Amino acid sequence: MGVVFSDEQWEQASYPVKESGLGLCRAADIADAPYMASRVGGFDDCVALDAGHVWDDGAPRSQGEGEVIGEWLGGGSTAY
């Protein structure tokens, strides 16, 4: 809808209804578990398409350019 909420507005909306909130949560706060499940669920299909398929063999970067394989899954599992 094109509406951008501030962090303060999201925080207020996340309060339970009995505390004058809406009981909402941010997708980013709960997305780690479904992301990991989708990666695990799709791995066998990827290997069936490409026997040489490799996932998650890289360490998260601290300060570097480019994307490291496994960085998102590693970050998600750490957050979860």
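Quick caveat, the model's predicted, so the values are computed rather than measured. (Residues numbered from 1 in each chain as written. Predicted model: local features only at pLDDT ≥ 70, side-chain atom pairs only at ≥ 80, totals over all residues. Heavy atoms only, no water.)

Engineer: Hey, could you run me through a nonpolar patch on the surface in this one?
Structural biologist: On the surface, a nonpolar cluster with roughly 430 Å² of combined accessible area is contributed by Met1, Val3 and Phe5. The residue Val3 is located in the segment before helix H1 (7-14) in this model. (Patch = residues over 30% accessible without salt bridge, like charges linked within 9 Å, V, L, I, M, F, W, Y side chains within 5 Å. Areas by Shrake-Rupley, 256 points an atom, 1.4 Å probe, with all protein chains shown as cover. Salt bridge = Lys/Arg side-chain N within 4 Å of Asp/Glu carboxyl O. Helix = DSSP H or I, 4+ residues; strand = E, 2+ residues; numbered from the N terminus.)

Engineer: Would you take a moment to explain helix H3 (residues 32-49) for this structure?
Structural biologist: Along an α-helix, residues three or four apart share an orientation, since each turn contains 3.6 residues. Given a rise of 1.5 Å per residue, 18 residues ought to cover 26 Å, and the 26 Å separating the end C-alpha atoms of H3 matches this to within 8%. Along H3, the largest kink reaches about 35 degrees and is centred on Phe43. Along H3, the residues classified as buried are Met36, Arg39 and Gly42. (Expected span 1.5 Å × (residues − 1). Bend = angle between axes of the 7 residues up to and from the residue. Buried < 20%, exposed > 50% of the residue type's maximum accessible area, 1.4 Å probe, protein only.)

Engineer: What's the story with the packing of aromatic side chains in this structure? I'm lost.
Structural biologist: For any two aromatic rings, the description comes down to two numbers: the centre-to-centre distance and the angle of the planes. If you walk through the whole model with that rule in mind, you get one aromatic pair. Taken together, a centroid distance of 5.7 Å and an interplanar angle of 75 degrees make the contact between Phe5 and Trp10 edge-to-face. (Phe/Tyr/Trp six-rings, centres within 6.5 Å; stacked < 30°, edge-to-face > 60°.)

Engineer: Help me understand the confidence of the model for the chain in this model?
Structural biologist: Low-pLDDT portions of the prediction should not be read for the details of their coordinates. When pLDDT is averaged along the chain, the result is 77, and 70% of the positions lie at 70 or above. When pLDDT is averaged over each helix and strand of the chain, the minimum, 68, is found for helix H4 (residues 71-79) and the maximum, 87, for H1. (pLDDT = per-residue confidence, 0-100.)

Engineer: Is there a simple way to explain the environment of Cys25 in this structure?
Structural biologist: Inspection of the secondary structure puts Cys25 in the loop between H1 and helix H2 (27-30). Note on Cys25: relative accessible area 45%, which makes it partly exposed. Through-space distance from the C-alpha of Cys25 to that of Ala13 is 7.7 Å; in sequence the pair is twelve residues apart. When near neighbours in sequence (up to four residues on either side) are disregarded, Cys25 contacts Trp10 and Ile30. (Contact = heavy atoms within 4.5 Å.)

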